[in-house]
Amino acid sequence: MDPEVARTLDELERKIAELERTLGSIAHGEQPTGSGSGTLPGTTPAPPPVLDENAAARSWSRVVDEAIEAPPAPRPARSPEPPAKPEHAPPLVHSQTPAHLYQPASRHAGAEPAPTRAPAPPRPEELLRFRDRLEQAARDLTHDYDELLGRLSYAAVSSTPGPTISFARGAPSLDIVDVDGLRDAAVRAFESDPAGTTAYGTSVGYPRLRSWIADRHGVEPERVLVTNGSMQADAFLFEQLVRPGDDVIVERPSYDRTLLSLRQRGARLHAVELEPDGIDTEALARLLEGGAPVQPTIAHIIPNFQNPAGYTLAYEKRRRLLELASDHGFTVFEDDPYVELRFSGETLPTMLSMDPERVVYASSFSKTVCPGIRVGYLVGPPELIKAIAQLATNTYISPNMVAQSIVYEFCASGAIERSIETVKAALAERASTLAGALRRDLPEAEFVEPQGGYFMWVTLPEGTDVHALFQAAADRGVSFVKGTDFLLEGGENTLRLAYSGVTPEQIDTGVARLAEAYRSL
């Protein structure tokens, strides 16, 4: 925070605290003295109020001077003394206590000196009015400071050639979210099951949605746990299975949040190269069977339209990966939030369906319903799901029953199938537009056009500095995610482009700006 803002607000907070103490003493039948303490000698001051530090941290305004320099309401003269000459309160910013707020004004030159007398202590209603003014000043500071920040942000965006076009975020744009269908599903949720929708529920999730997911995957409900988004599912699984020092297999590149979560748990990560048809299973076999073999606890795999690469794991590689897992005793974590978003090519079986005892499967409704719904799930062996359910109970008692009930109604009505078709059609057009724009405007870029999902991985010529490109693109109103964010090392000439949240027109403009940024380096 700006130092002057902090000093001003500290002064406001101190004055309000002093006024609270003074008013507390008055409420107990005491009278404030001019000593500045607000209490009589021997009395215990009331504790200062708890102040809103968040409001103080956001505040900035000119209104403080206006609010605390305004003179208080005039006091009637005390009888039987003759009326005193009008006196005005000086500015209050630097006064130390409420008793100091009422000092005689300077006498006019040549005037007859008035008899010296101590100023009358302020009345309770005057103190209350002044406290209200201070509090209003703090609120005005907050409002004006936020407005200034907004103006600064607008100025930063306005300096670019038009609004920023973001290839950074993997989320659908609003135009392909079925808002009306979600609204209808919410109404049905509260009408059909108000008790279950509004209750705490249990840690395994909303029972009707749990059963719907089990039917979708051809498993028993005991194998399913519904969570607050798939990231929560990931976190529970890692906490249950991964200990500090455990070996964990990850793809290279892989989702940055997954890498962060595993690192925070102290896992030893082994990144195996990702090829256009998925993880290099022969390189993985060499790692597992080498002179100093790695003994992983778990292998994290995103098999369909991988984040960040957009690649899909081929059927033969799925089968080979399961063989290696069986031979070396590790769990395959099939992280599959994009599985429903295939818009070309052949649909492949999940590894869960191929080996339900060796695979733990996770997915999400963020990509097919909407990101804000925050509903994901795990499917795995019943004993593992039971252990994770206990972990979930100790974490949050139960997940979000309202959201899960709405998702159930959305799915059970068939709206999810219509939503998936809408999203796939939009993604197909956007992926094709992005590929065409890169070929036209940035032919140096190497990429594999995805068959589904949200993302495209782009490799630029060796020697390209993606950090410099990131800044040059930002200066031109384009954002993306640097490839280095998804790698343990290397990738200085790579980037991820998300096409899910941008229209074809924005894609064309954004790629043209990106190409201009590249040529400026």
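Preceding this paragraph is the structure being described.
Residues numbered from 1 in each chain as written. Predicted model: local features only at pLDDT ≥ 70, side-chain atom pairs only at ≥ 80, totals over all residues. Heavy atoms only, no water.

**Student:** Help me understand the overall build of the protein, please; the structure alone is not making it clear to me.
**Tutor:** When helices and strands are counted, the protein shows 17 helices and 13 strands. By residue count, 47% of the 521 residues in the protein fall in the buried class. Put simply, of all contacts in the protein between residues at least 6 apart along the chain, 74% involve residues at least 24 apart. Summed over its atoms, the accessible surface of the protein is roughly 25100 Å², and 53% of this surface lies on carbon and sulfur atoms. (Helix = DSSP H or I, 4+ residues; strand = E, 2+ residues; numbered from the N terminus. Buried < 20%, exposed > 50% of the residue type's maximum accessible area, 1.4 Å probe, protein only. Contact = heavy atoms within 4.5 Å. Areas by Shrake-Rupley, 256 points an atom, 1.4 Å probe, with all protein chains shown as cover.)

**Student:** What exactly am I supposed to notice about the sheet that holds strand β4 (residues 268-275) here?
**Tutor:** Hydrogen bonds between backbone groups are what pair the strands of a sheet, and the pairing can be parallel or antiparallel. Pairing is mixed across the open sheet formed by 8 strands, whose spatial order is β2-β9-β8-β7-β6-β3-β4-β5. Either end of the sheet is taken by a strand with one partner, and the two such strands are β2 (224-227) and β5 (278-279). The pairing of β4 with β5 spans 2 bridges and is antiparallel. Residue L274 lies in a different strand from β5, and its bridge partner there is I279. Lying on the sheet, helix α10 (residues 281-289) is in contact with β3 (247-252), β4, β5 and β6 (296-301); it crosses β4 at an angle near 150°. (Pairing = 2+ DSSP bridges. Axes fitted to C-alpha atoms, helices over the stretch in contact; angles between N-to-C directions.)

**Student:** Looking at this structure, I do not really get the pairing of strand β8 (residues 359-364). What am I missing?
**Tutor:** The side chains of a regular strand alternate between the sheet's two faces. Counted residue by residue, β8 has 6 buried out of 6 residues, so it is predominantly covered. Every second residue of β8 is oriented toward a common face, with V359, Y361 and S363 on one face and V360, A362 and S364 on the other, all of them buried. Bridge analysis of strand β7 (residues 331-335) against β8 gives 4 bridges, and the strand direction is parallel. What sits directly across from V332, in β8, is V359. Across 4 bridges, the pairing between β8 and strand β9 (residues 376-379) is antiparallel. Of the residues in β9, the one forming a bridge with S364 is G376.

**Student:** Teacher, can you tell me more about the sheet that holds strand β13 (residues 494-498) here?
**Tutor:** Taken together, the 3 strands give an open sheet; going across it, the order is β10-β13-β12, and neighbouring strands pair in antiparallel fashion. The open sheet has two edge strands, β10 (455-459) and β12 (481-482), and neither has a second partner. Direction of pairing for β12 relative to β13: antiparallel, over a ladder of 2 bridges. Looking across to β13, one finds that K482 is bridged to L495.

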